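Inside the fold
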Amino acid sequence: MISSGSRLPFGSRLQKAVAARGRLCVGIDPHEALLREWGLGVDAAGVREFGLRTVDAAASTVAVVKPQVSFFERFGSAGYAALEEVMAAARAAGLLVIADAKRGDIGTTMDAYAAAWLTPGSALEADALTVSPYLGVGALSSTFAYALAHDKGVFVLAATSNPEAAGLQSARRGQETVAATVAAEVVAADPTGADEWASLGLVVGATVDLAALGLRAFERPVPLLAPGFGAQGAQPADLPRVFGDLAGAVIASESRSILSAGPEGLAARIAERAELYRGRSHG
């Protein structure tokens, strides 16, 4: 397993990690209902315990975890302290951590977000960050540069799995959809060689029609963080059909379908779901 602290580009680390442990990404989403089902308090101590248990269960099986920042943020400074501890534990265990914060802004504000999440040694250090391109992909250029300079990754929302996004992301800008335009601009911003995984990736839902959005194979492997598997309806067997030539670099994200197993069944459920994805690329 490639350590999350090694000095390699994020894309290289992700590629090696996926080759070693498969493409399942375990979401760390401590919903209030799940906290209660797990017998934990609906507070910062509860989300801390939830996150640490999930890290322990995932560490020997998968390559990537993705904490959903909002579920920690709701408890203020204590929630952020819990998140810091969970992410540090995950990275110490050799897991790659994608902070699902969906940040998006302009200028120095976006620079500050990048510094918070992508600075080596920072309290909130993650291996990659999800970001929104709604203010223009160009507004993210300094974040891209910062991530690449520090061997970190960025996943840009392009074609999300929520139904409310369909009208906006399928709207056309000339001959291309908004989703395809975002994807093309992100791919163009990454200097990675043709045979290596890029460090700038995309969020592409497993329940969207990629062909209708004009998303097709890129000139280099671009990692796709793909929500929509598990509880949202897509299954591992669907991966080659949904993603086609893009399937080889898909990181399949599941949370509720795994976390609903509870603390006692969590490790077994992660192992079960991880195995279903092994070998799922081009069929």
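What this report covers is the structure whose coordinates are included nearby.

Thresholds, definitions, all that
Residues numbered from 1 in each chain as written. Predicted model: local features only at pLDDT ≥ 70, side-chain atom pairs only at ≥ 80, totals over all residues. Heavy atoms only, no water. Helix = DSSP H or I, 4+ residues; strand = E, 2+ residues; numbered from the N terminus. Rg over C-alpha atoms; globule rule 2.2 N^0.38 Å. Buried < 20%, exposed > 50% of the residue type's maximum accessible area, 1.4 Å probe, protein only. Lys, Arg positive; Asp, Glu negative; His and termini not counted. Charge placed at Lys NZ, Arg CZ, Asp CG, Glu CD. Core = buried A, V, L, I, M, F, W, Y, C linked by side-chain atoms within 4.5 Å. Contact = heavy atoms within 4.5 Å. Axes fitted to C-alpha atoms, helices over the stretch in contact; angles between N-to-C directions. Parallel < 35°, antiparallel > 145°, perpendicular 65-115°, else oblique. Nonpolar A, V, L, I, M, F, W, Y, C, P; charged D, E, K, R; others polar. Pairing = 2+ DSSP bridges. Left-handed = near helix turned anticlockwise from the far one by under 90°. Expected span 1.5 Å × (residues − 1). Salt bridge = Lys/Arg side-chain N within 4 Å of Asp/Glu carboxyl O.

**Looking at the overall build of the protein**
- Within the protein one finds 13 helices and 10 strands.
- For 283 residues, the compact-globule estimate of 2.2 N^0.38 gives 19 Å, and the C-alpha radius of gyration of the protein, at 18 Å, lies within 12% of that figure.
- In terms of its C-alpha atoms, the protein occupies a principal-axis envelope of roughly 50 × 45 × 35 Å.
- Split into buried and exposed, the 283 residues of the protein put 53% on the buried side.
- Averaging the coordinates of the 24 positive side-chain charges in the protein and doing the same for the 29 negative ones gives two points 2 Å apart.

**Observations concerning the nonpolar core**
- Ranked by size, the top nonpolar core spans 76 residues in total, and within it Trp117, Val156, Leu202, Val204, Phe229 and Phe243 carry the most contacts.
- For this core, the element with the highest residue contribution is helix H3 (residues 44–58), accounting for seven residues.
- Excluding residues within four positions of it along the chain, Trp117 makes contact with Val69, Tyr80, Leu83, Met87, Ala99, Ala101, Arg103, Leu124, Glu125, Ala126 and Leu129.
- Grouped together as the second largest cluster of nonpolar side chains are 17 residues, Phe10, Val18, Ile98 and Leu157 included.

**Some points on the packing of H3 against helix H5 (residues 76–92)**
- Relative to each other, H3 and H5 sit at 10 degrees, their axes nearing to 9 Å. In terms of their interaxial angle, H3 and H5 are classed as roughly parallel. Side by side, H3 and H5 meet where Ala44, Val47, Arg48, Gly51, Leu52 and Val55 of the first sit next to Ala78, Gly79, Ala82, Glu85, Val86, Ala89 and Ala90 of the second.
- Grouping the amino acids of the contact of H3 with H5 by side-chain chemistry returns nine nonpolar, two polar and two charged.

**Looking at the sheet that holds strand S5 (residues 153–159)**
- Here eight strands make up a closed barrel; going around it, the order is S1-S2-S3-S4-S5-S8-S9-S10 and the pairing parallel. If you compare each strand with its neighbour and ignore which way they point, the axes differ by 30 degrees on average.
- As defined by bridge partners, strand S8 (residues 200–204) adjoins strand S9 (residues 224–226) across two bridges and the pair is classed as parallel. The residue of S9 that forms the bridge with Val203 is Leu225.
- This element, H5, spans strand S1 (24–28), strand S2 (64–67) and strand S3 (96–103) of the sheet and lies at about 145 degrees to S3.

**Things to note about the packing of H3 against helix H13 (residues 262–277)**
- At a minimum axis distance of 9 Å, the contact between H3 and H13 shows a crossing angle of 35 degrees. The crossing of H3 and H13 is right-handed. Taken together, the residues of H13 that come into contact with H3 (itself represented by Arg53, Thr54, Ala57 and Ala58) are Pro263, Leu266, Ala267 and Ile270.
- Tallied by class, residues from the contact of H3 with H13 come to six nonpolar, one polar and one charged.

**A closer look at helix H9 (residues 178–189)**
- Along its 12 residues, H9 runs 17 Å from first to last C-alpha, staying within 8% of the 16 Å computed at 1.5 Å per residue.
- Of all the positions in H9, only Ala179, Ala180, Thr181, Val182, Ala183, Val186 and Val187 are classed as buried.

**Quick notes on the side chain of Thr61**
- Looking at where Thr61 falls in the secondary structure, it is placed in the loop between H3 and S2.
- Residues in contact with Thr61, not counting those within four places in the same chain, are Arg21, Ile270, Ala271, Ala274 and Arg278.

**Re the pattern of salt bridges**
- Counted by the stated rule, this structure contains 17 salt bridges.
- With a shortest N-O distance of 3.0 Å, Glu125 and Arg91 are connected by a salt bridge. Taken together, the positions of Glu125 in the loop between helix H6 (107–118) and strand S4 (128–131) and Arg91 in helix H5 put the pair 34 residues apart, joining distant regions of the chain.
- Glu125 gets classed as buried once you look at its relative accessible area, which sits at 13%.
- A residue is classified by how much of its surface remains accessible, and Arg91, at 16% relative accessible area, is buried.
- Residue Arg241 is joined to Asp238 by a salt bridge in which the shortest nitrogen-to-oxygen separation is 3.6 Å.
- A relative accessible area of 64% places Arg241 in the exposed class.
- Among the charged side chains, a network of salt bridges with common partners joins Arg13, Arg91, Glu125, Asp127 and Lys152.

These figures come from the coordinates and say nothing about function on their own.
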